[in-house]
Each structure stands twice: as structure tokens, then as C-alpha cells.
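# Observations on the three-dimensional arrangement
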Amino acid sequence: FLFSTMDAQAKALSMRYDVLQVLWARYAGMMAVVLVVLAPRLGPLFRTRHLGLQLLRSGFLFAATLCFFNALSLMPIAAATAVMNIHPVLLTLGGAFVLREVLGPRRIFGIAAALSGALIVIRPGSDVFTLAAILPLAAGICYASYALTTRFLGRDEPVLTSFLYTALIGTVVASLIVPAVWTTPGPRDAALFLALGATGAAGQFLLIRSLTVAEAGAVAPFGYAGVLFATLNGYLFFGEVPDEWTALGALVIVGAGLYVWHRETRVRAATVAARTRP
């Protein structure tokens, strides 16, 4: 809910300000969480054996957020969120090619279904299709690449080290760029910028907290609730009503993602059971 609210705030601000300025507010909020939550452990968490991969991973997330915020400024929030949500199944595809994970027929079906859902939403060749429709797809690809790099780094480094570098690198890069596009906001917009940073920070904190008390596989499906919240925010704040094709495409994407998650959860459970069997 908080991340979807942040996206709605980003959409409202990106209509009046450069997207890079909105992106800077997002990362400033993330950095605030890092300084508050990780302050006692910053020294040890700075140690990394894979600085290059940390830079690459942070770059993927920066690109994903930039593409998605641009998409929000150009298309309905529900459609952008739905297409962005192909990233879990793209992560499965990337895992097969990069990490040599098994890609069976059921996973292939889930990936194909999710991509079909994205095509239903953006509808290449129709009047609805514009170059902007590619942005949430690019965001999903970049986010899947970010998640894949995270999975690779997770073999050797603590999750919080990766989170620290993501916040730090994104904040530094955004802070270097934002002066070139800065527009001083009025009091109401300044409050909205602060709200965006605070909302994203609160969502980030709860996400970290959830991952410390539950497995990632148990948390992941709740991310699809973002499609519902995005649709509600789009209707309430921007008067956007998804057409039947957007709704159908969103259902296909969410259904494919949940199907792939269910299959991978069963496979992991069977693997664990086989290893622990006497």
C-alpha cells in the first residue's frame, strides 16, 4: 500500500517537475531509512568483496525506478504497475540463463503468459501503444536484473550490505544530477516531496522488517496487491479507469506470477524435504 501511494505521489509530482527531481526525493527517503535503521552497523556493512557487482546492482535499480517514474508521468498508473509486475517471472528466466537454474515447461508457460499479459496491456500496433508503453516493460527488465544480481550477491554478502550500497549509490548519483533540473517547489509541493520520501522510506522499512521475520518466498506474493492499490489510486486521484484490456492483461500477469511463485515454492519445499530425509 505504501509503495503504491508513493507511486501516486510520484505521478502527481512528475506532472509538474522533472522526473529526476522526483527520483532524488525517493532515494533521499531510502537513505534516511538506512541511516536510522543501520546506523550502529554501518562500518561492518560497508565491507564488500564485490564492489563492481554492487555498483551494477544499484545501477539496475536506479534505471528501473527512473523508467517507472517516467512511465507514471505518461500513462495510467494501473497499466504501468501491471506491466512492471512482470519482473518476478523475468527473474525466473534470468535465473535459468545466468545461474543455470532448471527451466521446466511449467516455468516457461508462466513466463510466456506474463509476457502475453504485458502485450495485452500495451497492445503494440494499436492506438493505445506509444513509446511510453515500453517504459514499464524496461523497468520490469531492469528490476529483474537488479533482483538477479541481488540473488547472486546473496551467496557471499549480507542482504543489508547490498541494501546499504543501493541506497548510498542511488542517493549520490541522484544528488549529483538533480541540481541541473532542480525547480524550487512551493509549500504544498514541498510537503508532497517530503511525503513521497517519507512514504517510500516507511514502505522500505516495513519491507526490510518483513524479510527479517519471514522468507522472501512468503512475502513476494503480497507485492501483487500493488496492482489493486494502483488501480484505486488512479481512480481516486487521477480519474483513471482501466479499460477491459488493461484489466485482462493485469489479471494474466498477476496470475502468471502467482503460478510461477507457487511452482517454485513447491520445488524448494521438495528439495529441502529430500535433503533432510534420513
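As a reminder, the structure under discussion sits directly above these lines.
A brief report on the enclosed structure follows.

Thresholds, definitions, all that
- Residues numbered from 1 in each chain as written.
- Predicted model: local features only at pLDDT ≥ 70, side-chain atom pairs only at ≥ 80, totals over all residues.
- Heavy atoms only, no water.
- Helix = DSSP H or I, 4+ residues; strand = E, 2+ residues; numbered from the N terminus.
- Expected span 1.5 Å × (residues − 1).
- Buried < 20%, exposed > 50% of the residue type's maximum accessible area, 1.4 Å probe, protein only.
- Contact = heavy atoms within 4.5 Å.
- Core = buried A, V, L, I, M, F, W, Y, C linked by side-chain atoms within 4.5 Å.
- Arc of directions from axis to C-beta.

### Quick word on helix 8 (residues 134-153)
- Taking 1.5 Å of rise per residue, the 20 residues of helix 8 would be expected to cover 28 Å, and the 29 Å separating its terminal C-alpha atoms lies within 8% of that figure.
- Every buried residue of helix 8 is listed here: Pro136, Ala139, Gly140, Cys142, Ala144, Tyr146, Ala147, Leu148, Thr149 and Leu153.
- If you follow the buried residues of helix 8, they end up packed against helix 4 (51-74), helix 5 (77-84), helix 6 (87-98) and helix 9 (159-177).

### Here's the deal with the nonpolar core
- Counting residues in each nonpolar core, the largest one holds 56 residues, and the members touching the most others are Val22, Val34, Leu38, Phe68, Phe69, Leu72 and Leu196.
- Examining the composition of this core, we find that 10 residues originate from one element, helix 2 (residues 19-37), more than from any other.
- Contacts of valine 22, omitting those with residues within four sequence positions, involve Ala10, Leu13, Ser14, Phe69, Phe193 and Leu196.
- Core analysis: the second largest hydrophobic core is formed by 5 residues, Ala82, Tyr224, Val227 and Ala250 among them.

### Here's the deal with helix 7 (residues 105-122)
- Taking 1.5 Å of rise per residue, the 18 residues of helix 7 would be expected to cover 26 Å, and the 26 Å separating its terminal C-alpha atoms lies within 8% of that figure.
- When helix 7 is considered as a whole, its buried residues turn out to be Arg107, Gly110, Ile111, Ala113, Ala114, Gly117, Ala118, Val121 and Ile122. For helix 7, the arc enclosing every buried residue in end-on projection is 170°, short of the 170-degree limit, so these residues lie on one face. Structural note: helix 7 exposes Pro105 and Phe109 on the side pointing more than 90 degrees away from its buried face.
- Where helix 7 terminates, the next one or two residues include arginine 123, which has phi positive at roughly 45°.

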